Protein chains: 2
Amino acid sequence: MARIRMTVEYDGSRYHGFQIQHNANTIQAELENGIKRLTGEEASIICAGRTDSGVHALGQVIAFDTHSSIPEDKWHFALNSFLPADIQIIESSECSPFFNPRYDALSKTYHYIIYRQNKGSIFYRNYALHNTDSLNIVAMQTACKLLEGRHNFKSFCASGSSVKTFERSVFRCNLIEEKPFLRLEIQADGFLYNMIRIIMGTLLEIGRGSYCPETIKEIIAAQDRSRAGPTAPPQGLYLMAVEY
Amino acid sequence: MARIRMTVEYDGSRYHGFQIQHNANTIQAELENGIKRLTGEEASIICAGRTDSGVHALGQVIAFDTHSSIPEDKWHFALNSFLPADIQIIESSECSPFFNPRYDALSKTYHYIIYRQNKGSIFYRNYALHNTDSLNIVAMQTACKLLEGRHNFKSFCASGSSVKTFERSVFRCNLIEEKPFLRLEIQADGFLYNMIRIIMGTLLEIGRGSYCPETIKEIIAAQDRSRAGPTAPPQGLYLMAVEY
């Protein structure tokens, strides 16, 4: 038996997120179904980050065990022909039988994309947040820097979420303007439920001038979801890479 | 009664082209249905260019007659709320009752987009041709220049097409590399059936070295569809603008 590790891209538009669910179309179900059709085996896939409905990935990492004799570097070619056009394996290799894509990850990098003009916006309806508000980008960038570091991010976690600790280390939080796009790049040792989407919603409030960048410090200190901004929609969010 | 002119964007992925057809989802049917729901009127829409199944538009121009009292510049707001998310009116105005978007057009500009890397290609499956072949871009650009001017383009017209004349004037034919994209920009006084997609297929053959750029002259002179390259797929094609 061997454990195979793969990097996966998917367009999350048609799916109810990564994790398998009864009576819903999910990335995990498509992958396990593809493996079954390819090898006849019932694989159990572990992923690095369980993305939500509508969220995309360019660098999701998965692992599973197999008895198949398919060479480790041929797996992605073989499996791609059993997957729908909106899911694609981009690399495959054999890994340690102890490798766990989720717990072994040192950090993950997500991008959130905003499309800032009307022309062509229909083409991004599933791939970016469409927002044409006048925004103070510098204020948003100042706020990004205040999010970096180790903090209790409870204010940026969907309420009702049960985790052991709300402390996370944000290694990098940059907002980059490449007209007509605005891109948030965020790397952390872990993310709470809806954390990036709530950060994005809060940054947009700051960009519109609802409060000043320094308010981020108070929002963090409050440890209260109601102090942060609204949750930005899922379609702008991309899991870009997992660092090990 | 007034004639209203509109500029329309659409993502053609879900549609069987612009023109209304029995038992098929078309852009024209969605637009006429939207007008009916908005005004109660049965409008007959004329468009500048009848795009095929899967082809997109950022600057399609349409016109229709109405008895509605909706102000000319409010039409696009009003109608957008009765249209699906992948069709959007971007401007509207009253025009001459004699304006015909098709016959009054001096020229039309189309773009054809090629996506040239594997990473992220699933996101462009409906929006570009995915091609990672090694291509001689300079040879393709040389061929583009040989297509400019007034020529008989019968070799670049789908066979069986019945038109009065195969002569068209190509005002501009440029191939622009903006990695990871390659974009063909072509403006002409008119296009034959599948003309741009056959031009694109022929340019790709030249890029791969199947024949030299000067062969374009022989292909034009032959007036024979079988001499040109294959028809490139529809999803890379965009009607960008109509010039009046």
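Please read these numbers as outputs of a predicted model, since none were measured by experiment.

Go over the overall build of chain A with me, naming the residues and quoting the values.
Looking only at helices and strands, chain A has five helices and ten strands in total. Against the compact-globule benchmark of 18 Å for 244 residues, chain A has a radius of gyration of 19 Å, which places it among compact chains. Overall, chain A is about 60 × 45 × 30 Å in size when its C-alpha atoms are taken along their principal axes. Here chain A, with 244 residues, has 37% of them falling under the buried criterion.

Describe unusual backbone geometry, listing the residues and the values that go with them.
All names here are of chain A. The step from Lys179 to Pro180 runs through a cis peptide bond, and the omega angle for that step is 5 degrees. Secondary-structure assignment places Pro180 in the loop between strand S8 (167-178) and strand S9 (181-188). Non-glycine residue Asn23 carries a positive phi angle of around 60 degrees. Mapped onto the elements of the fold, Asn23 is located in the loop between strand S1 (2-10) and helix H1 (27-39). The exposure class assigned to Asn23 is exposed, which follows from the 5 C-beta atoms found within 10 Å.

Break down the relation of the copies chain A and chain B for me, citing the residues and quoting the values.
Here chain A sits on chain B after a turn of 180 degrees about the axis and a move of 0.0 Å along it, with an RMSD of 0.0 Å. Taken together, the turn and the small shift mark the pair as related by a two-fold rotation axis. Interface overlap between copies is the fraction of interface residues in one copy that are interface residues in the other; for chain A against chain B it reaches 100%, indicating a shared surface.

Report on the interface of chain A and chain B, specifying residues and quantitative values.
Listed per partner, the contact involves 15 residues of chain A and 15 residues of chain B. Of all the secondary structure elements, the ones that give two or more residues to the side of chain A that touches chain B are S1 and strand S4 (87-95) of chain A. Per-class residue counts for the side of chain A that touches chain B are seven nonpolar, three polar and five charged.

Help me get a handle on the packing of helix H3 (residues 137-147) of chain B against helix H4 (residues 195-207) of chain B, residues and values and all.
Residue and element names in this part refer to chain B. Where H3 contacts H4, the two axes come as close as 8 Å, and the packing angle between them is 140 degrees. Relative to H4, the element H3 lies oblique. Handedness of the H3/H4 crossing: right-handed. On H4, the residues touching Ile137, Ala139, Met140, Ala143, Cys144 and Leu147 of H3 are Ile199, Leu203, Ile206 and Gly207. Partitioning the contact of H3 with H4 into residue classes produces nine nonpolar, one polar and no charged.

Tell me about H3 of chain B, residues and numbers included.
Residue and element names in this part refer to chain B. Of all the positions in H3, only Met140, Ala143, Cys144 and Leu147 are classed as buried. Along the axis of H3, the buried positions cluster into a sector of 110 degrees, meaning they face one direction only. Looking at the buried positions of H3, the neighbouring elements they touch are strand S8 (167-178), H4 and helix H5 (215-222). Looking one or two residues past H3, Gly149 carries a phi angle of roughly 110 degrees, positive in sign.

Give a detailed account of the pairing of strand S5 (residues 107-115) of chain A, specifying residues and quantitative values.
Where a strand is regular, its side chains alternate between the two sheet faces. All names here are of chain A. Where S5 and strand S10 (residues 237-243) come together, six bridges link them in antiparallel fashion. If you follow Tyr112 over to S10, its bridge partner there is Leu237. As defined by bridge partners, S5 adjoins strand S6 (residues 129-130) across two bridges and the pair is classed as parallel. Counterpart to Ile114 in the pairing with S6 is Leu129.

A description of the domain arrangement of chain A should follow, citing residues and the corresponding values.
Residue and element names in this part refer to chain A. Under the domain assignment used here, chain A contains domain 1 (2-95) and domain 2 (107-243). The gap between the C-alpha centroids of domain 1 and domain 2 is 27 Å. Contact with domain 1, which involves 14 residues of that partner, is made by ten residues of domain 2. A per-class count over the side of domain 1 that touches domain 2 returns five nonpolar, eight polar and one charged.

Analysis parameters
Residues numbered from 1 in each chain as written. Chains lettered and ligands numbered in written order. Predicted model: local features only at pLDDT ≥ 70, side-chain atom pairs only at ≥ 80, totals over all residues. Helix = DSSP H or I, 4+ residues; strand = E, 2+ residues; numbered from the N terminus. Rg over C-alpha atoms; globule rule 2.2 N^0.38 Å. Buried ≥ 20, exposed ≤ 12 C-beta atoms within 10 Å, placed from the backbone. Least-squares fit on C-alpha atoms with pLDDT ≥ 70 in both. Contact = placed C-beta atoms within 7 Å. Nonpolar A, V, L, I, M, F, W, Y, C, P; charged D, E, K, R; others polar. Axes fitted to C-alpha atoms, helices over the stretch in contact; angles between N-to-C directions. Parallel < 35°, antiparallel > 145°, perpendicular 65-115°, else oblique. Left-handed = near helix turned anticlockwise from the far one by under 90°. Arc of directions from axis to C-beta. Pairing = 2+ DSSP bridges. Domains from an automatic or database assignment.

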